[in-house]
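A structural walkthrough
Okay, here's what each chain looks like letter by letter:
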Amino acid sequence: MSQTPVHNPPIRITDLVELKKKGSVVSCSPYFEVVPVDFRHRSCRFQALVFMCRFSGAADNRAYAFRKCYARGCAHDDECPHVFQAISIANRYLERDYHRLEEAGIRIAWKLFTLEESVIRLQSIKDNAKAAMVIDDYIQLARAGDEVSSGIALEYVPATEHFEYHKNRQTYLIASFTVTTPEMAGECQRCFGSYATERERQERPVQVHVANNRLSILYKEFDLASVKYERAFFA
């Protein structure tokens with residue numbers, strides 16, 4: 001079995017896990033960033049909150065830092081999941097990464113996104129609000145025996161991140177899944193990477209590699225659960 005390539009310095013959770021497996025001393029601390037971002041998607045412009053975690057620490061006494069996008073949420077759910085749903089989605093993926101780190105022997109303080117991290121005024125949650133389905137939920141349905149199929153559309157989505165004292169032009173690598181089962185149909189999105197738009201030549205190839213690696217892992221889960229789909233990768 002071929003070994004998983006490791007970036008140096010590490011730029012993903014998989015890198016940290018592989019370094020630990022090879023005997024490296026790895027420390028890791030999470031820091032949350034909830035950033036208002038202006039998206040331009042085809043003819044539609046909208047603002048969303050992007051829930052990101054910046055992982056930093058040291059691997060064999062060499063400092064590293066990288067960030068990972070976990071979800072984006074809108075004040076209105078026309079363009080993307082509502083902020084409340086986005087928090088739940090982000091925490092589910094974040095907990096999965098925490099488990100991966102701890103299983104590899106990397107200690108990490110468990111912190112989760114909360115409403116206090118949001119920087120916009122939110123409406124009250126309705127008691128009967130429907131929980132957002134993520135792609136993992138559909139995989140679980142397939143594993144339980146349901147016939148699940150998914151269309152996959154990959155896009156580079158330009159955006160502007162708003163920080164306290166500056167703006168940052170960023171391009172997000174977004175996968176949209178159109179999923180059907182015998183009893184329901186739904187859509188969900190997942191961010192697989194991002195890069196500074198002004199550094200596209202330098203950063204895009206690396207982030208495309210990372211995004212495609214993450215897609216490959218997801219497709220293996222599709223295959224094991226017998227989800228019907230056609231593979232697509234960022235180019």
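Here, the structure is the one placed above.
Residues numbered from 1 in each chain as written. Predicted model: local features only at pLDDT ≥ 70, side-chain atom pairs only at ≥ 80, totals over all residues. Heavy atoms only, no water.

**Side note on the state of the cysteines**
Evaluated as defined, the whole model comprises 1 disulfide. The disulfide bridge from cysteine 74 ends at cysteine 80, spanning 2.0 Å between sulfur atoms. Its S-S torsion of approximately 110 degrees makes the covalent link between cysteine 74 and cysteine 80 right-handed. Grouping residues by exposure puts cysteine 74 and cysteine 80 together as buried. (Disulfide = S-S within 2.5 Å. Buried < 20%, exposed > 50% of the residue type's maximum accessible area, 1.4 Å probe, protein only.)

**Examining helix α3 (residues 135-143)**
Along an α-helix, residues three or four apart share an orientation, since each turn contains 3.6 residues. Within α3, burial applies to Ile135, Asp136, Asp137, Tyr138, Ile139 and Ala142. Against α2 (83-103), β5 (167-180), β6 (185-196) and α4 (200-225) lie the buried residues of α3. Taken from the residues just after α3, glycine 145 is the one with a positive phi, measuring 115 degrees. (Helix = DSSP H or I, 4+ residues; strand = E, 2+ residues; numbered from the N terminus. Contact = heavy atoms within 4.5 Å.)

**What to know about the pattern of salt bridges**
Taken as a whole and judged by the stated rule, the model has 13 salt bridges. The partner of aspartate 137 in a salt bridge is arginine 92, and the shortest N-O contact between them spans 2.8 Å. Pair noted here: aspartate 137 is in helix α3 and arginine 92 is in helix α2, with a separation of 45 residues, a long-range link. By relative accessible area, which is 17% here, aspartate 137 ends up buried. The partly exposed category is assigned to arginine 92, whose relative accessible area is 36%. Residues arginine 231 and aspartate 223 are paired through a salt bridge, measuring 3.1 Å at the closest nitrogen-oxygen approach. Relative accessible area serves as the criterion here: at 46%, arginine 231 is assigned to the partly exposed category. (Salt bridge = Lys/Arg side-chain N within 4 Å of Asp/Glu carboxyl O.)

**Focus on the nonpolar core**
Counting residues in each nonpolar core, the largest one holds 54 residues, and the members touching the most others are Phe51, Phe55, Ile135, Phe177 and Phe222. At 9 residues, the largest contribution of residues to this core is made by α2. Grouped together as the second largest cluster of nonpolar side chains are 15 residues, Val35, Phe39, Tyr172 and Cys191 included. (Core = buried A, V, L, I, M, F, W, Y, C linked by side-chain atoms within 4.5 Å.)

**A word on α4**
Between its terminal C-alpha atoms α4 stretches 36 Å, which fits the 38 Å expected from 26 residues at 1.5 Å a residue. Of all the positions in α4, only Gln207, Val208, Val210, Ala211, Asn212, Arg214, Leu215, Leu218, Tyr219, Glu221, Phe222 and Ala225 are classed as buried. Serine 226 sits one or two residues past α4 and shows a positive phi near 65 degrees. (Expected span 1.5 Å × (residues − 1).)

**Details of the packing of aromatic side chains**
Per the counting criterion, the structure on display carries 13 aromatic pairs. For the pair tyrosine 156 and phenylalanine 234, a centre-to-centre distance of 5.5 Å together with 70 degrees between the ring planes defines the contact as edge-to-face. Within this pair, whereas tyrosine 156 is found in strand β4 (residues 149-162), its partner phenylalanine 234 is found in the segment after α4, the two being separated by 78 residues in sequence. A residue is classified by how much of its surface remains accessible, and phenylalanine 234, at 6% relative accessible area, is buried. Linked through ring pairs, Phe177, Tyr219, Phe222, Tyr229 and Phe233 together constitute an aromatic cluster. (Phe/Tyr/Trp six-rings, centres within 6.5 Å; stacked < 30°, edge-to-face > 60°.)

**Remarks on the pairing of β4**
Bridge count for β4 against β5 is 14 bridges, and the pairing is antiparallel. The residue bridging threonine 160 from the neighbouring strand is arginine 169, located in β5. Taking the residues that link successive antiparallel strands as the turn, the β4-β5 hairpin has 4 residues. (Pairing = 2+ DSSP bridges.)

**Regarding the pairing of strand β2 (residues 44-59)**
The sheet contact formed by β2 and strand β3 (residues 62-73) spans 11 bridges and is antiparallel. Of the residues in β3, the one forming a bridge with valine 50 is arginine 72. Adjacent in sequence and paired antiparallel, β2 and β3 are bridged by 2 residues, among which aspartate 60 carries a positive phi angle near 55 degrees.

**Some words on the packing of α3 against α4**
Any two packed helices are characterised by the angle at which their axes cross and by the distance between the axes. At their nearest, the axes of α3 and α4 sit 8 Å apart, and the two run at 25 degrees to each other. Judged by the angle between their axes, α3 and α4 are roughly parallel. Side by side, α3 and α4 meet where Ile135, Asp136, Ile139, Ala142 and Arg143 of the first sit next to Leu218, Glu221, Phe222 and Ala225 of the second. Its residues placed into classes, the contact of α3 with α4 shows 6 nonpolar, no polar and 3 charged. (Axes fitted to C-alpha atoms, helices over the stretch in contact; angles between N-to-C directions. Parallel < 35°, antiparallel > 145°, perpendicular 65-115°, else oblique. Nonpolar A, V, L, I, M, F, W, Y, C, P; charged D, E, K, R; others polar.)

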